[in-house]
Amino acid sequence: MQTELRSSLAGNQCSDHLLHRLHDLQSRFQHIPAQEIPPLATELQLPISQVEAVIDFYSFFHRSPRGRIDLLFSNCTSCGDLSLMQQLCTSLDVSPGITRADGAVSIDETSCIGMCDQGASLLVNGRIMTRLNPQRLQQIAGLVNAGTPLDAWPAEWFAVPDHVRHPGLLLNDALQPGAGLRAAIQRGAENLLAEINQSGLRGRGGAGFNTSLKWQLCRDAPATTRYVVCNADEGEPGTFKDRVLLNTYAQQVFEGMTLCAYAIGAKHGYLYLRGEYRYLLPTLEATLAEQRAANLLGENILQQPGFNFDISIVVGAGAYICGEESALLESLEQKRGVPRVRPPFPVTHGYLGQPTVVDNVETLVAATHIAVQGGQWFKAQGTEKSAGSKVLSVSGDCATPGIYEFPFGTSLQQVLDACGGQDAQAVQVGGPSGTLVGQAEFGRKLAFEDLATGGSIMVYGAQRDLLAVVRNFSHFFAHESCGFCTPCRVGTPLLRKYVDKIASGHGTPYDQEEMARLAKVMKRRSHCGLGQTAANPLLDLLERFPHVCTDRLLHQDYEPFFNLDAALATTRTLTHRDDAEAHLS
Amino acid sequence: MPKIRIATTSLAGCFGCHMSLLDIDERLVGLLEHVEFNRSPLTDIKHCGPCDIGLVEGGLCNAENVHVLREFRQQCKILIAVGACAINGGVPAMRNHYSVQECLEEAYLNGVGVDNPMIPDDPELPLLLSKVHPLHEVVRVDYYLPGCPPSGDAFFNILSDLLAGREPSLPKAMLHYD
């Protein structure tokens, strides 16, 4: 079975991947009909329980029909505006999450869709729609009620421009397709590794692991089959630089994967694309086809006998946790995206248990440039511990949100000056799992040794309610917890409850204390990075902006979590009672 | 030296925690030299006087539970949530998957073998809350004694700590939730 799975997945086309088959069913029937599950499981030779588990795990699959037009509004603090969702719900007479009786439309919210520089955005039947405003929503309501098919909606509504505001080392460096591979082949695999080692390149996803070491460990791991996986599951709210890299620099991403394959001796690679970016799929497939035609992929690449490598794209289905590399591998293996116990790490036990390099999109782009320009060229920028440049996704309360590439070591203030975010009171660096910093720390440097970031810079102006921001993040984590370990599964909703209580003006100093205690338990005891970092925004808020919370606390010892008298309302009605004993004060 | 005064009660619980309290067995004799029981099913005292420690088993399912819990909070210097139901709602909270109306209709109108179907409305009966809640959602709780039930040893441990003026701390072996 394992070998069959391997051969069925190792083809160029991944059309038989469970996630893709479920996506097809979801698109055809607006849900996954129960009777379709057993035949699908039989065909794919998977246990029914696994198919069922996958359906329930990913938020883009549904058991009951969604509307023929299914709208998902981003609830991110940068690309979301839920008041617009409410407006559309009212004009279409829909409740969030409940399909309208005629089956025409359903409306709901979803976690950040990576459109943070495009204004309020949504997904409609998996397609991106940006720059939303009340007028646009009125037009949408009209089209929905008229039953106009999505293909007939104005094409410009679906445009997603790149917004590269400040290109730097990588984005200014135009490369001929194949230049990196040709240079690498000339040098040989060991020298390529040495060059990457000299460049000091570290993983761009946020954790900053040394890239050449990762490749070397994978190359040295005893096995006959190795894999390269590109992590394009860019789910951290406020991050969209991979979207731009995949849209315009996909050739360099794939070439980076091929370089890695050359270095480690892999025959096959996967690009795991987040479901929200499905609209990029045609362009990406076209780029792959071009590269195959140019003999940059396929067999005997660039006439090197035995240098065979090809890439397949697997598209996710709405699960933030799949950005964690071992959860991503589980998802690639057609399972629920639950993080694995590490060690062993993917470099020795990755995809299908084989040595696997999992690299961020930007890391692979950087590798392509380093292969051409050399390690010294790259190392000349940045700091000693953080070589090169960082492609930043800047969004929020600033004049020009978009992509900014700066050398590592650039201060946050410089980034704010560049994007017109001078009146910021706070910046969330690295997304909700990163660090919330205030003005006093704007002089800090963006670098692994100071303020680490996977690329997300969310700017919050003076008018922003920071508690609302942190509340948004706590809802995000409670929604995205995979449910595997108790500290995170139970902790994230509890945290959400405390933040909601304080935000609604019912919190007490005791609640704040308990919340901070819980946050520390989650940090120490959670299984993976999600639970370990979920409380960071809150702890940062309490440390750096204590007044934001304390100003809203009640000056009393304790306040219940719910309205006690209201909790008796139903039974009062059922028993027709209204005596004193039927009330609680 | 006056004896430490303890009150105990069971709200939406099964008295299993109280049974487990008695499992401290012969050590109870020694303990009683230092403590006395106020309101408790063991003494049949109906209302709580000023106490040092309140042990509350069970969660909150109705209005009376809320009144009793508030009395305990008011009278006890230290309030301990005892057992799974007090801490998380436990078995009674399994009804939280349904509305309280569905529960009452199933029990008193549509259930198998129901005679003279009607939802009881006697004012003597405490009204049910819409959901079952753990104690800490209605009053401040000082300590939690987990377990279903907590073992006799766990009871003895937490009481011994408090009697000795120590911050209660359960050894890992006693810290379990089932």
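Every value quoted in this text rests on a predicted model; they were computed, and no experiment measured them.

Asker: Explain the overall build of chain A to me, and be specific about the residues and the numbers.
Answerer: Of the regular secondary structure elements, chain A holds 23 helices and 14 strands. A compact globule built from 585 residues would reach a C-alpha radius of gyration of about 25 Å, and chain A, at 25 Å, matches this within 12%. In terms of principal-axis extent, the alpha carbons of chain A reach across some 90 × 60 × 45 Å. Split into buried and exposed, the 585 residues of chain A put 49% on the buried side.

Asker: Tell me about the pairing of strand S7 (residues 268–273) of chain A, residues and numbers included.
Answerer: All names here are of chain A. Most of S7 sits out of view: 6 of its 6 residues are buried. Taking every second residue as pointing to the same face, both faces of S7 are buried, with His 268, Tyr 270 and Tyr 272 on one and Gly 269, Leu 271 and Leu 273 on the other. Bridge count for strand S6 (residues 227–232) against S7 is 6 bridges, and the pairing is parallel. Its bridge partner lying in S7, Ala 232 is registered against Leu 273. Note: S7 against strand S8 (residues 310–315), 6 bridges, orientation parallel. Across the sheet, the residue bridging to His 268 is Asp 310, located in S8. Once you follow S7 into helix H12 (residues 281–293) and on to S8, the crossover reads as right-handed.

Asker: Would you mind going over the domain arrangement of chain A in detail, with residue names and values included?
Answerer: Domain parsing of chain A yields domain 1 (2–57), domain 2 (69–161), domain 3 (165–379), domain 4 (391–462) and domain 5 (465–585). The distance between the C-alpha centroids of domain 1 of chain A and domain 4 of chain A comes to 41 Å.

Asker: Before we move on, can you summarise the interface of chain B and chain A with the specific residues and values?
Answerer: With 17 residues of chain B at the interface, the matching set in chain A holds 20 residues. Taken together, the elements giving at least two residues each to the side of chain B that touches chain A come down to helix H3 (63–75), helix H5 (100–110) and strand S6 (128–133) of chain B.

Asker: Before we move on, can you summarise helix H18 (residues 486–503) of chain A with the specific residues and values?
Answerer: All names here are of chain A. The end-to-end C-alpha distance of H18 is 25 Å, a good match for the 26 Å that 18 residues give at a rise of 1.5 Å each. For H18, the complete set of buried residues consists of Cys 488, Gly 491, Thr 492, Leu 495, Tyr 498, Val 499, Lys 501 and Ile 502. Directly beyond the C-terminal end of H18, a positive phi value near 85° is found at Gly 505.

Asker: Could you give me a rundown of the sheet that holds strand S10 (residues 389–396) of chain A, with the residues and numbers involved?
Answerer: Residues and elements named next belong to chain A. In spatial order, the strands read S5-S11-S10-S14-S12-S13; together these 6 strands make up an open sheet with mixed pairing. Across the chains shown, the open sheet's two edge strands, defined by having one partner strand only, are strand S5 (164–166) and strand S13 (435–438). Strand-to-strand twist of the sheet, defined as the mean angle between neighbouring strand axes without regard to direction, takes the value 30°. Where strand S12 (residues 424–429) and strand S14 (residues 456–461) come together, 5 bridges link them in antiparallel fashion. The residue of S14 that forms the bridge with Ala 426 is Tyr 460. Contacts between helix H10 (residues 241–248) and the sheet are confined to S5, S10 and strand S11 (402–407), with S10 contributing the most and set at about 115° to the helix.

Asker: Outline unusual backbone geometry, listing residues and values.
Answerer: Here the amide bond leading from Arg 342 of chain A into Pro 343 of chain A is cis, since omega sits at -5°, within 30 degrees of zero. The topology assignment puts Pro 343 of chain A in the loop between helix H13 (325–332) and strand S9 (356–360). Omega for the bond connecting Cys 148 of chain B with Pro 149 of chain B falls within 30 degrees of zero, at -5°, which places this linkage in the cis form. Looking at the element boundaries, Pro 149 of chain B is found in the loop between strand S7 (143–145) and helix H6 (152–163). With a phi close to 55°, Asp 93 of chain A is a non-glycine residue in the positive phi region. Along the chain, the position of Asp 93 of chain A falls in the loop between helix H5 (82–92) and strand S2 (105–110). Judged by local crowding, Asp 93 of chain A falls into the exposed class, with 11 C-beta atoms found within 10 Å. Positioned with a positive phi, Asp 25 of chain B is a non-glycine residue whose angle comes to about 55°.

Rules of the game
Residues numbered from 1 in each chain as written. Chains lettered and ligands numbered in written order. Predicted model: local features only at pLDDT ≥ 70, side-chain atom pairs only at ≥ 80, totals over all residues. Helix = DSSP H or I, 4+ residues; strand = E, 2+ residues; numbered from the N terminus. Rg over C-alpha atoms; globule rule 2.2 N^0.38 Å. Buried ≥ 20, exposed ≤ 12 C-beta atoms within 10 Å, placed from the backbone. Pairing = 2+ DSSP bridges. Right-handed = clockwise from strand over helix to strand, strands pointing away. Domains from an automatic or database assignment. Contact = placed C-beta atoms within 7 Å. Expected span 1.5 Å × (residues − 1). Axes fitted to C-alpha atoms, helices over the stretch in contact; angles between N-to-C directions.

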